[in-house]
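Here are the chains, one letter per residue:
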Amino acid sequence: MVAAPYAPGPHGYLRRVQENHDRESAFTKLFQLVAASVVAGVLVAFVALPGVSGIGVTARDAAAAFDNMPSELNTSPPPEKTVVYAANGSQLATFFDEYRESVRLDQVADVMRKSIVAIEDSRFYEHGALDIKAAIRALATNAQAGATKQGGSSLTQQYVKNLLLENADTPAQERAVIAPTVGRKLRELRYALDIEKKMSKDQILQGYLNVAYFGAGAYGVQAAAKRYFDKPASKLNLAESALLAGVTNSPYAYDPTLHQGAALKRRNTVLYRMSDLGIITRQQADRTANEPIKLNQHKPQGGCDTSKAPFFCEYVRYEMLNILSNGTYWKLKPSKQAVILRKLKRGGYNIRTTLDPQAQRAAEDGLASEVASGEKQVGVQAMVEPGTGKLKAIATSKGFGNGKQQTSINLAADSQHGGGVGVSAGSTFKVFTLMAALDQGIPVSTSFNSPAQISIGGFSPCVYDGYMKIDNREMHGKNLTSGTWDVGNAGDSEKGQFNLRTGTWHSVNTFYAQLERRVGVCDAIKMAENFGLKRADGNRLLPFTSQVLGTNEVDMVHLSAAYAGIAARGKYCAPIAITEVTDAKGNKLKVPKPDCQQAVDRDIADETTKILKGVLSQGTAKGVPSVGRPAAGKTGTCESYSCAVFAGYTPNLASAVAYWDIRGGFKYPVYGVYGATIPGPIWARSMRQALEGRPVMSFTEPTNDFGDVTSVDVPDLKGASVGVAKAELAAAGFSATVSPSPVQSDQPMGTVAYTTPSGGSKAEQGTTVLIFISNGKNVAGGGPGNGNGNPGLPGIPGSNGGTGNRGNGFHWPPQTTP
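Residues numbered from 1 in each chain as written. Predicted model: local features only at pLDDT ≥ 70, side-chain atom pairs only at ≥ 80, totals over all residues. Heavy atoms only, no water.

Novice: Looking at this structure, I do not really get the confidence of the model for the protein. What am I missing?
Specialist: Any region with low pLDDT has predicted coordinates that should not be read closely. In this model, the protein carries a mean pLDDT of 83, and residues with pLDDT of at least 70 account for 83%. Low pLDDT, under 50, characterises residues 780–817; the predicted model gives this stretch 122 contacts beyond four residues in sequence or across chains. (pLDDT = per-residue confidence, 0-100. Contact = heavy atoms within 4.5 Å.)

Novice: What's the story with the environment of Ala 393 in this structure? I'm lost.
Specialist: Position of Ala 393 among the secondary structure elements: in strand S9 (residues 391–396). For the pair formed by Ala 393 and Leu 355, sequence separation is 38 residues and the distance between their alpha carbons is 5.9 Å. Residues in contact with Ala 393, not counting those within four places in the same chain, are Phe 312, Ala 359, Gln 360, Ala 363, Gln 381, Ala 382 and Met 383. (Helix = DSSP H or I, 4+ residues; strand = E, 2+ residues; numbered from the N terminus.)

Novice: Explain the packing of aromatic side chains to me, please; I cannot follow it from the model alone.
Specialist: Remark: the centre distance and the inter-plane angle together describe each pair of aromatic rings, the angle taken between the planes. Going through the model one piece at a time under the given rule, you end up with 19 aromatic pairs. A centroid spacing of 5.6 Å and a plane angle of 15° characterise the contact between Tyr 318 and Trp 330, whose relative ring orientation is stacked. Taken together, the residues Tyr 318 in helix H14 (residues 310–324) and Trp 330 in the loop between H14 and helix H15 (334–346) connect sequence positions twelve residues apart. The class for Tyr 318 is buried, based on a relative accessible area of 15%. A centroid spacing of 4.8 Å and a plane angle of 25° characterise the contact between Tyr 754 and Phe 772, whose relative ring orientation is stacked. Taken together, the positions of Tyr 754 in strand S28 (residues 752–756) and Phe 772 in strand S30 (residues 768–773) put the pair 18 residues apart, joining distant regions of the chain. A relative accessible area of 8% means that Tyr 754 is categorised as buried. (Phe/Tyr/Trp six-rings, centres within 6.5 Å; stacked < 30°, edge-to-face > 60°. Buried < 20%, exposed > 50% of the residue type's maximum accessible area, 1.4 Å probe, protein only.)

Novice: I keep staring at the sheet that holds S28 and nothing clicks. Help me out?
Specialist: Taken in spatial order, the three strands line up as S27-S30-S28 in an open sheet, and their pairing is mixed. The open sheet has two edge strands with one neighbour each: strand S27 (735–738) and S28. Taken over all neighbouring pairs, the strand axes of this sheet differ in orientation by 30° on average, direction set aside. Along the sheet, helix H24 (residues 722–731) contacts S27, S28 and S30; its crossing angle with S30, the most-contacted strand, is approximately 165°. (Pairing = 2+ DSSP bridges. Axes fitted to C-alpha atoms, helices over the stretch in contact; angles between N-to-C directions.)

Novice: Looking at this structure, I do not really get the pattern of salt bridges. What am I missing?
Specialist: Two side chains carrying opposite charge are able to pair once their charged atoms lie near each other. Within the structure shown, the criterion is met by 28 salt bridges. The residue Glu 607 makes a salt bridge to Arg 501 at a minimum N-O spacing of 3.2 Å. Note that Glu 607 is positioned in helix H22 (residues 602–618) and Arg 501 in helix H18 (residues 500–505), a separation of 106 residues in sequence. In this pair, the class of Glu 607 matches that of Arg 501, namely buried. Salt bridges here are not isolated pairs; linked through shared partners, they connect Glu 98, Arg 100, Glu 166 and Arg 346. (Salt bridge = Lys/Arg side-chain N within 4 Å of Asp/Glu carboxyl O.)

Novice: What's the story with the packing of helix H17 (residues 430–439) against H22 in this structure? I'm lost.
Specialist: The angle between the axes and the distance between the axes are what describe a pair of packed helices. Direction vectors running N to C along H17 and H22 enclose 130°, while the axes themselves pass 10 Å from each other. As far as their axial angle goes, H22 and H17 are oblique. As for how H17 packs across H22, the hand of that crossing is right-handed. On H22, the residues touching Val 431, Leu 434, Met 435, Leu 438 and Asp 439 of H17 are Ile 604, Glu 607, Thr 608, Ile 611 and Leu 612. Looking at the contact of H17 with H22 residue by residue, the classes come out as seven nonpolar, one polar and two charged. (Parallel < 35°, antiparallel > 145°, perpendicular 65-115°, else oblique. Left-handed = near helix turned anticlockwise from the far one by under 90°. Nonpolar A, V, L, I, M, F, W, Y, C, P; charged D, E, K, R; others polar.)

Novice: I tried to follow the state of the cysteines on my own but got confused; where do I start?
Specialist: Such a bond, covalent and formed between the sulfur atoms of two cysteines, is termed a disulfide. Taken as a whole and assessed by the stated rule, the structure comprises four disulfides. Note on cysteine connectivity: Cys 304 is disulfide-linked to Cys 313, with sulfurs 2.2 Å apart. Measuring handedness by torsion sign, the sulfur bridge of Cys 304 and Cys 313 sits at about -80° and is left-handed. Classification of Cys 304 as buried rests on a relative accessible area of 5%. With a relative accessible area of 0%, Cys 313 lands in the buried category. (Disulfide = S-S within 2.5 Å.)

This is the structure:
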């Protein structure tokens, strides 16, 4: 018969293996015979047996109790592995608590069926639920030996016991199933009698073969055949069948991967039992018994750590846990969460996801091109489809796992999908204040004199209605916009007169501080929330005045989804990763439907896209490589260089990238890294590869001019005197200001070295052009970057306020976020 001792499982639960017959007491065997007598009607024999009268049970009591026992047992197929599929149908991952594949009896080799019956219950097709002859023989043998030497359970009873174990939801229920008690044996027999009435012998055998444990993590004969021999159960030969049939008696002791000598001896026992029964000849038994055990192992792999897209897989895993708990997973106690996790692993679900393998490879390749997996820094990326919210890819520069240079935290996701606390969004968050301004009818031409540093106050009150503590102080109900705010730009290149367009292009902090004051912090926050944004820890966004610079920590999945909403002309769709789930019976589960809303008027979204296109062509991301099709985006550098971010989109794909030191951004800043230096190129390469072969689409132009201003060419003023330069700029409709610090240049001393915006580029009339004066020194290499990503000499990108040729540059104040 089958054995089932317990061993600690991976989550602290007791893991089932088969119960060993030598763990059952002789008394339990005796009572099994007693129970059989009750069923047979020989109650007199029951009470006459020595030692039984002390139990205090009469025959009538026993019969009545037996008749009143539950007899209905769930005989549905045992738990199956859960399989996750990508959008194209390719397998992405499997989850299982028990490695199992159920098969029909006709899919099991005939010799395998005969082997298991021969060794476990040779009279299986001749008796009912209880083999009384076997029970009496076992009783006599055990009584003579003074210990349990032989089992007497029928194969049907063993099937019942395995089903009870499979249906147990808690460790306590599992322990009750194998407890050496009278009640347990009676329950098994009662269920076995009912099963024998409802199922044929072949159906019972099929059920047993699919539920029995065969050692080495293999549940069911199909899984065992693949685990040990890398073949289906239909292809098993005599030697293999005898080996598997022998294992079920004590799966650990006879596991051929651990104890080959014991397994060989047990296999031969099965062979000679088959010979004694006339199933095979003695010669066949001798010949096969002389063969060594021949294994061709195939170890099952499951979980996200073996997936081709492990971080996307992890996102899906948490999404499924939420689906299976009706959206309450994160509110459950750990013990209840463990039950839901068990349900996922044992439910045999088929999960169809939104993952695009091409986009996933592109995201991974883009990260690998800029960030080595062995670095202390980490890069993450998420891609979302505009108009649907479908999550196409999640990638991290580090491997998935708990080893060196790995992480099991889904750093691109929020905390409810296995992520952490998120990262600052940097100036990518300015776009929501921009849209709030356009929504209020503020013209694009609206300008503010924006100095390098400003101390600003007078913000409208904005009371926080979320629940969050900072330094043990509850923020709920507090106005977070009082007082003054000191904010600075990236340097001299960012001061002067800016409007909504140029202030966005060049990511001018002091401009946006003034625009936010006019718009109102609450309105800016509301716009961000309309596009699905919240803090990565699940809390609502904090309405501090500095929120416009991205001081709320967010995750890249939701930031990408928000930018996808802009790309979809203001139609925001919450990110989804699962499109369909079916259970083991083929029934469809209820999954979250696409949740889309018009977050802002289409024209406002189109105007925002028009402005963000200029960030790539003329602003802080001018040095970022082209994606080869119409695109828009925004750079972001976090406070004190704690991280750098880039978010952008085409009409059919959006992506957000973040880069920081995994040890902690504030403790280990990434000095000199801006949104356009590392995240920008990652984004560009990933988008280009992800969209390869896909239709090239154009953005929709806004029908409203939004009080726009005319863009004209900036005069090329290299070598001109300051007076001539100012005059030409005024004639072209520009204001002019001169940098107080001369720069190295091959132009004559005292003449114009270069300007920003640069000569020949487009800029709106009214824009302030900053003039840099040459010191007359002809120095090889480029000049300093200008803080806006415009080219330093001889044309190497200044990269968002960094160095012109990554050699000579300014180090701007840490609070800037271009």
